Amino acid sequence: MDKFKTLTGIAAPMPMINVDTDMIIPKQFLKTIKRSGLGVNLFDEMRYDDDGKEIPDFVLNQPAYREAEILVAGDNFGCGSSREHAPWAIKDFGIRCVIAPSFADIFFNNCFKNGILPIALPQEQVDLLMKDAEKGANARMSVDLESQTITTSEGEVISFEVDAFKKHCLLNGLDDIGLTMEKSASIASFEAKASAERPWV
């Protein structure tokens, strides 16, 4: 998993509330078990019309936000089903941080396991960041996980909370497999001892 330390990039404003995982990545794209290739179908039903043509008004289709790395969203982001394909699609598009007043629990935890930083902030602070994001590509926002701060294009600094263990995992690029591999020496020692004591197993 990619490490997350600092991120400076374009923030896309998406003030919709209750954006569920089926809106993030519709069910017809859930057949794959690969984490790559889903970015093109992120928000598919909002990005494309029935003929597969881009809908110009959708934020990620607008020239200013095609390279967005941060998403400023509305309340209850990631609700609905528990599909892990949702954070896969978000990351594959290039978004590494989602900021919202609240998140669905399973989506929130899946983000951390896939190298995405979800940040929950009070509504008034999200509103401030939303206005900053609306300035377009010239307004670049910075997110610093180590110091737990967001800096707007105007230089205003907002602090955020993050679980210490989840922060450690993101800073070091550790998913569940990576966490297990941190204990590889102890696992190898246990296996060697068990093999010597019970060679018949």
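What counts and what doesn't
- Residues numbered from 1 in each chain as written.
- Predicted model: local features only at pLDDT ≥ 70, side-chain atom pairs only at ≥ 80, totals over all residues.
- Heavy atoms only, no water.
- Pairing = 2+ DSSP bridges.
- Helix = DSSP H or I, 4+ residues; strand = E, 2+ residues; numbered from the N terminus.
- Axes fitted to C-alpha atoms, helices over the stretch in contact; angles between N-to-C directions.
- Buried < 20%, exposed > 50% of the residue type's maximum accessible area, 1.4 Å probe, protein only.
- Core = buried A, V, L, I, M, F, W, Y, C linked by side-chain atoms within 4.5 Å.
- Contact = heavy atoms within 4.5 Å.
- Salt bridge = Lys/Arg side-chain N within 4 Å of Asp/Glu carboxyl O.
- Arc of directions from axis to C-beta.
- Lys, Arg positive; Asp, Glu negative; His and termini not counted.

1. Here we look at the sheet that holds strand β4 (residues 117-120)
Okay, step 1: Read across the sheet, seven strands follow the order β4-β3-β2-β1-β5-β6-β7 without closing on themselves; strand pairing throughout is mixed. Each of the sheet's edge strands pairs with one partner strand only, and the pair in question is β4 and β7 (157-159). For this sheet, the mean inter-axis angle between neighbouring strands, taken without regard to orientation, is 25°.
Okay, step 2: Note that strand β5 (residues 140-144) and strand β6 (residues 149-151) share three bridges and pair antiparallel. Residue pairing for β6: serine 142 is matched across the bridge by threonine 151.

2. Focus on the pairing of strand β1 (residues 6-14)
Okay, step 1: Here β1 lies mainly inside the structure; seven of its nine residues are buried.
Okay, step 2: Summarising the sheet, β1 and β5 pair through five bridges and their orientation is antiparallel. Across the sheet, residue threonine 6 finds its bridge partner in β5, namely aspartate 144.
Okay, step 3: Looking at chain direction, β1 and strand β2 (residues 70-73) are connected through four bridges and run parallel. Residue pairing for β2: alanine 11 is matched across the bridge by isoleucine 70.

3. Observations concerning unusual backbone geometry
Comment: phi is negative for the bulk of residues other than glycine, and the bulk of peptide bonds are trans.
Okay, step 1: Of note in this structure, asparagine 18 is not a glycine but carries a positive phi near 55°.
Okay, step 2: With respect to the secondary-structure elements, asparagine 18 resides in the loop between β1 and α1 (21-24).
Okay, step 3: Asparagine 18 sits in the partly exposed class, given a relative accessible area of 39%.

4. Section: the nonpolar core
Grouped burial of nonpolar side chains is what soluble globular proteins tend to show.
Okay, step 1: Within the largest apolar cluster, 32 residues are counted, with the highest numbers of intra-cluster contacts made by Phe43 and Phe77.
Okay, step 2: Counting only elements with at least two residues in this core, the list comes to β1, β2, α3 (85-93), β3 (97-100) and α4 (105-113).
Okay, step 3: With five residues, α3 is the single largest residue contributor to this core.
Okay, step 4: If we ignore the near neighbours within four places in the chain, the residues touching phenylalanine 43 are Met14, Val19, Met23, Ile24, Phe58, Leu60, Leu71 and Phe77.
Okay, step 5: In terms of nonpolar packing, the next biggest core, distinct from the first, is built from 24 residues, Leu7, Cys97, Ile119 and Leu129 among them.

5. Some thoughts on the environment of leucine 38
Okay, step 1: One can find leucine 38 in the loop between α1 and α2 (44-47).
Okay, step 2: Since its relative accessible area comes to 4%, leucine 38 is described here as buried.
Okay, step 3: Residues leucine 38 and alanine 73 lie 35 residues apart in sequence; the distance between their C-alpha atoms is 20 Å.
Okay, step 4: Excluding anything up to four places from it in sequence, leucine 38 contacts Ile25, Phe29, Thr32, His85, Trp88, Ala89 and Asp92.

6. Let's talk about the pattern of salt bridges
Okay, step 1: Here the structure, examined in full by the defined rule, presents five salt bridges.
Okay, step 2: Notably, a salt bridge pairs lysine 135 with aspartate 132, separated by 3.2 Å at the nearest N-O pair.
Okay, step 3: Across the salt bridge formed by glutamate 154 and lysine 135, the nearest N and O atoms sit 2.8 Å from each other. Of this pair, glutamate 154 sits in the loop between β6 and β7 while lysine 135 sits in the loop between α5 (123-133) and β5; the two residues are 19 residues apart in sequence, bridging distant segments of the chain.
Okay, step 4: A relative accessible area of 62% places glutamate 154 in the exposed class.
Okay, step 5: Overall, lysine 135 belongs to the partly exposed group, its relative accessible area being 43%.
Okay, step 6: One network of salt bridges, with partners in common, ties together Asp132, Lys135 and Glu154.

7. Topic: α5
Okay, step 1: Those residues of α5 lying buried are Val126, Leu129, Met130, Asp132 and Ala133. Buried residues of α5, seen end-on, are gathered within an arc of 160° and therefore sit on one face of the element. Turned more than 90 degrees away from the buried face of α5, the exposed residues are Glu124 and Lys131.
Okay, step 2: Close packing links the buried residues of α5 with β1, β2, β3, β5, β6 and β7.

8. Quick look at the side chain of aspartate 44
Okay, step 1: For aspartate 44, the position within the fold is in helix α2.
Okay, step 2: Here aspartate 44 sits buried without a salt bridge, and the closest side chain of opposite charge, arginine 47, lies 6.6 Å off (N-O distance).
Okay, step 3: Once you skip the residues sitting within four places of it in the chain, aspartate 44 turns out to touch Met23, Pro26 and Phe29.

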